[in-house]
Amino acid sequence: MTSIHVSTSSSLLQLRRAQNTGAAPRSRLPVLRRAVRCCSSSNGRSPDPSDAVRDVDRILEEKRRAELAARIASGEFTQSGFFPAITSKLGPLGKFLEGAVSRIGGGGGVGSGLVIPQAKGSIAAVGSQAFFIPLYELFLTYGGIFRLTFGPKSFLIVSDPEIAKHILKDNSKAYSKGILAEILEFVMGTGLIPADGEIWRVRRRAIVPSLHQKYVTAMISLFGEASHRLCEKLDTAASDGEDVEMESLFSRLTLDIIGKAVFNYDFDSLSVDNGIVEAVYTVLREAEMRSTSPIPTWEIPIWKDISPRQRKATKALKLINDTLNDLIAICKRMVEQEELQFHEEYMNEQDPSILHFLLASGDDVSSKQLRDDLMTMLIAGHETSAAVLTWTFYLLSKEPRVMAKLQEEVDTVLGDRFPTIEDMKKLKYTTRVINESLRLYPQPPVLIRRSLQEDVLGKYPIKRGEDIFISVYNLHHCPKHWVDAERFYPERWPLDGPNPNETNQNFSYLPFGGGPRKCWRHVCYI
Ligand code: HEM
């Protein structure tokens with residue numbers, strides 16, 4: 001059998017750009033919406049797309065960028081009306097900025113003669129694009145740190161690796177998660193992603209040890225089984241000549257995996273649409289809506305009771321919390337009955353989940369914190385992984401050369417087997433493909449922070465309370481750092497070299513963040 005990761009022996013995944021449907025993106029930050037067509041193929045390799053078409057695309061893109069840069073540089077855009085204009089074009093992030101700006105105070109100038117460059121004007125020229133594209137254009141014009149100002153409020157956009165390193169690592173204690181924590185509070189509470197200070201320190205120390213080698217080994221088997229179920233679904237679609245939406249399928253795949261990996265729950269969302277899956281998506285959509293709403297209606301007491309959307313969200317959240325409570329109770333009973341002593345590499349073979357590890361280690365079952373952490377892992381692990389898979393397959397569909405090379409490696413290393421932890425180390429080119437996909441389309445494309453005290457960023461002093469967006473997308477596309485930055489080229493990192501990360505790339509590459517708040521996924525990143 002010839003297979004690539006979640007692809008199938010008889011399926012050729014041809015991703016094609018969905019026409020602009022105007023549909024709102026489902027996730028909190030906009031992710032790729034692509035349609036995928038499955039059709040039969042003898043060997044799973046796609047034919048070369050027309051070079052001519054690609055050349056035309058490239059020329060048009062270059063022309064569009066040149067025009068936009070010229071318009072920004074000419075001062076055509078005026079500051080008045082800039083915010084509504086930019087926010088309408090930044091998609092969910094833009095609305096999020098607008099909403100956040102109307103809700104929180106902030107902004108602030110600088111305390112010395114040095115003034116951070118300030119972006120001005122309307123961005124009407126950028127058309128209907130994901131928000132990280134206009135932020136990139138602004139970065140090319142205004143540099144590694146600039147201020148987006150809207151009346152008395154403002155945000156700092158950071159695209160400079162040194163400044164990113166300073167905020168994320170060297171002086172990380174001086175920054176909190178700011179707006180992110182405010183927006184996610186209703187769903188994640190003080191879970192590991194939004195938490196700051198002592199709560200974060202205590203919980204990170206409790207949870208990260210659960211990701212030991214034995215757990216990762218068990219998880220890789222789980223990934224294989226879940227991916228196989230997806231492959232079967234794709235094979236059926238292929239033989240029926242059916243269109244499938246890969247973003248949705250990858251979301252279901254990662255939800256199924258996270259459910260098992262974190263609390264031993266089988267969502268089985270690839271096969272059925274049950275109430276809990278819908279509840280998870282209702283809550284995710286509510287988080288997205290809250291991040292984009294200019295008025296926080298959910299804070300108005302009476303509104304919660306009369307708004308059908310609010311009532312639906314509250315009901316969904318209750319269903320998830322009740323389910324989590326049941327799972328905690330079941331797991332607690334298992335822990336009480338087992339004779340296994342807790343130790344460093346503790347793992348219950350029937351239930352290797354993180355929840356089981358935490359309860360066996362003595363975590364407080366009745367605590368809201370435990371639920372917040374479980375919910376955080378459910379959301380953090382599932383959305384990001386689904387988006388990375390979708391973008392990677394999109395890129396592969398555009399580069400048959402890379403696809404063929406990857407497929408050859410997978411066939412050689414795996415043949416017909418499911419992958420093991422040892423295989424992961426041998427899948428070097430496959431890893432580079434994912435590294436490169438994460439470079440071109442990082443998830444999330446921005447990291448959000450707020451300064452807790454005065455600080456100096458680059459040469460600019462900043463005040464306490466500044467809201468900061470570190471644009472990972474800009475860092476990953478910076479033409480100064482990357483040769484041929486827009487090209488999908490996994491070979492840019494030699495196979496016998498180290499795995500690229502923020503340290504060996506001097507904070508020009510940080511798909512998993514950096515410093516103490518880095519994604520713990522890197523702990524098990526092989
Ligand atoms: C390809 C997949 C993933 C990507 C690209 C990714 C990316 C990131 C990034 C960039 C951060 C840093 C956020 C910040 O600094 O504000 C982060 C943090 C985090 N991620 Fe991931 N992540 C992925 C998968 C996962 C999975 C599978 C889980 C768990 C099941 C997870 C759990 C977390 C947690 C708990 C944090 C917060 C860590 C802390 O603050 O101590 N992530 N992730």
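Residues numbered from 1 in each chain as written. Predicted model: local features only at pLDDT ≥ 70, side-chain atom pairs only at ≥ 80, totals over all residues. Heavy atoms only, no water.

## A closer look at the overall build of the protein
Each helix and strand counted, the protein has 18 helices and 11 strands in total. Sorting the 526 residues of the protein into buried and exposed places 53% on the buried side. Counting only contacts in the protein whose residues sit at least 6 apart along the sequence, the fraction spanning at least 24 positions is 74%. (Helix = DSSP H or I, 4+ residues; strand = E, 2+ residues; numbered from the N terminus. Buried < 20%, exposed > 50% of the residue type's maximum accessible area, 1.4 Å probe, protein only. Contact = heavy atoms within 4.5 Å.)

## Some points on the environment of Tyr509
With respect to the helices and strands, the residue Tyr509 is situated in the segment after helix H18 (472-477). Tyr509 sits in the buried class, given a relative accessible area of 1%. Of note is the side chain of Tyr509, whose polar atom sits 2.7 Å from the backbone oxygen of Asn435. (Polar contact = N/O pair within 3.5 Å; in protein donor to acceptor, adjacent residues only side chain to side chain.)

## Some details on the side chain of Ser159
Mapped onto the fold, Ser159 is located in the loop between strand S5 (153-158) and helix H5 (161-170). For Ser159, the side chain forms a polar contact with the side chain of Asn474, separated by 3.0 Å.

## Some points on the coordination of the iron atom of the ligand
For the iron atom of the ligand, the sole protein-derived donor is Cys519 (SG), lying 2.3 Å away. Mapped onto the secondary structure, Cys519 falls in the segment after H18. (Donors = N, O, S within 2.8 Å, 3.2 Å for Na, K, Ca; no water.)

## Quick word on the nonpolar core
Soluble globular proteins: nonpolar side chains tend toward being buried together. Phe263, Leu355 and Leu374 are the most contacted members of the largest nonpolar core, which has 88 residues in total. The biggest single contributor to this core is helix H9 (residues 246-263), with 10 residues. Sequence-distant contacts of Leu355, that is, excluding residues within four places in its chain, are made with Val262, Phe263, Leu327, Ile328, Cys331, Leu370 and Leu374. (Core = buried A, V, L, I, M, F, W, Y, C linked by side-chain atoms within 4.5 Å.)

## Quick word on helix H12 (residues 308-337)
Helix length check: H12 (30 residues) gives 44 Å between terminal C-alpha atoms against 44 Å at 1.5 Å per residue, within 8%. Within H12, the full set of buried residues consists of Gln310, Ala313, Ala316, Leu317, Ile320, Thr323, Leu324, Leu327, Ile328, Cys331 and Val335. (Expected span 1.5 Å × (residues − 1).)

## Some words on the environment of Leu440
Inspection of the secondary structure assignment puts Leu440 in helix H17 (residues 428-440). Note on Leu440: relative accessible area 3%, which makes it buried. Residues within four places of Leu440 in sequence aside, it is in contact with Leu395, Tyr473, His477, Ala485, Glu486, Arg487 and Phe488.

## Topic: the pattern of salt bridges
Following the criterion strictly, the structure yields 19 salt bridges and no others. Asp196 is paired through a salt bridge with Arg517; the nearest N and O atoms lie 3.3 Å apart. One end of the pair, Asp196, is in the loop between helix H6 (179-188) and helix H7 (197-207); the other, Arg517, is in the segment after H18, with 321 residues separating them in the sequence. A residue is classified by how much of its surface remains accessible, and Asp196, at 29% relative accessible area, is partly exposed. In this structure Arg517 comes out as buried when scored by relative accessible area, which is 18%. Overlapping salt bridges, with partners in common, bring together Glu182, Arg450 and Asp467 in one network. (Salt bridge = Lys/Arg side-chain N within 4 Å of Asp/Glu carboxyl O.)

## Let's talk about the packing of aromatic side chains
Evaluation of the coordinates by the stated rule reveals 16 aromatic pairs. Between the aromatic rings of Phe155 and Phe469, the centroid separation amounts to 5.4 Å while the plane-to-plane angle is 85°, which identifies the pairing as edge-to-face. Of the two residues, Phe155 sits in strand S5 while Phe469 sits in strand S11 (residues 467-471), which places them 314 residues apart along the sequence. For the pair Phe155 and Phe469, a shared accessibility class is recorded, and that class is buried. Look at Phe263 and Phe267: their rings are 6.5 Å apart centre to centre, the planes differ by 70°, and that puts the pair in the edge-to-face class. A cation over a ring is seen here: Arg439 above Trp482, with NZ or CZ 5.1 Å from the ring centre. (Phe/Tyr/Trp six-rings, centres within 6.5 Å; stacked < 30°, edge-to-face > 60°. Lys NZ or Arg CZ within 6 Å of the ring centre and 35° of its normal.)

## Observations concerning the site of the ligand
Near the ligand lie 25 residues; those nearest to it are Trp200, Arg204, Arg449, Arg517 and Cys519. Separating an oxygen atom of the ligand from a side-chain N or O atom of Lys177 is a distance of 3.2 Å. In the model, an oxygen atom of the ligand is placed 2.7 Å from a nitrogen or oxygen of the Arg517 side chain. Of all the secondary structure elements, the ones that give two or more residues to the shell around the ligand are H7, helix H14 (368-398) and strand S8 (446-451). When residues in the shell around the ligand are grouped by element, the largest group, six residues, is from H14. Tallied by class, residues from the shell around the ligand come to 14 nonpolar, five polar and six charged. (Near = heavy atom within 4 Å. Nonpolar A, V, L, I, M, F, W, Y, C, P; charged D, E, K, R; others polar.)

## Thoughts on the pairing of S11
It is a general feature of regular strands that their side chains alternate between the two faces of the sheet. With respect to burial, S11 is a largely interior element, five of its five residues being buried. Because side chains alternate across S11, one face comprises the buried residues Asp467, Phe469 and Ser471, and the other comprises Ile468 and Ile470, equally buried. Here S8 runs beside S11; their pairing, made up of five bridges, is antiparallel. Along S11, the bridge assignment pairs Arg450 with Asp467. (Pairing = 2+ DSSP bridges.)

## Overview of the pairing of S8
For S8, the buried fraction is high: six of the six residues fall into the buried class. Both faces of S8 are covered, namely the face carrying Val446, Ile448 and Arg450 and the face carrying Leu447, Arg449 and Ser451. Two strands pair when backbone bridges link them, and strand S6 (residues 175-176) and S8 are joined in this way by two bridges, in the antiparallel orientation. Note on S8: the bridge partner recorded for Ser176 is Arg450.

## Looking at the confidence of the model for the protein
Interpretation of the predicted coordinates at a detailed level should be avoided for regions scoring low in pLDDT. Per-residue confidence for the protein gives a mean pLDDT of 79, with 74% of residues at or over 70. Low pLDDT, under 50, characterises residues 1-50; the predicted model gives this stretch 148 contacts beyond four residues in sequence or across chains. The model gives residues 76-111 a pLDDT under 50, and that stretch makes 105 contacts with residues more than four places away or in other chains. Among the prediction metrics, the complex's ipTM stands at 0.98, with pTM recorded as 0.80. (pLDDT = per-residue confidence, 0-100.)

## Observations regarding the packing of helix H15 (residues 400-414) against H17
Two elements in contact, H15 and H17, have axes whose closest approach is 8 Å; the angle formed by their N-to-C orientations is 140°. Between H15 and H17, the angle falls in the class oblique. On the side of H15, the interface is formed by Arg401, Val402, Lys405, Leu406, Glu409 and Val410, while H17 contributes Lys428, Tyr429, Thr430 and Val433. Looking at the contact of H15 with H17 residue by residue, the classes come out as five nonpolar, one polar and four charged. (Axes fitted to C-alpha atoms, helices over the stretch in contact; angles between N-to-C directions. Parallel < 35°, antiparallel > 145°, perpendicular 65-115°, else oblique.)

## Digging into the environment of Ser353
Here Ser353 lies in the loop between H12 and helix H13 (354-360). Assessed through its relative accessible area of 1%, Ser353 is described here as buried. Here His356 takes part through its backbone nitrogen, which lies 3.2 Å from a polar atom of the side chain of Ser353.

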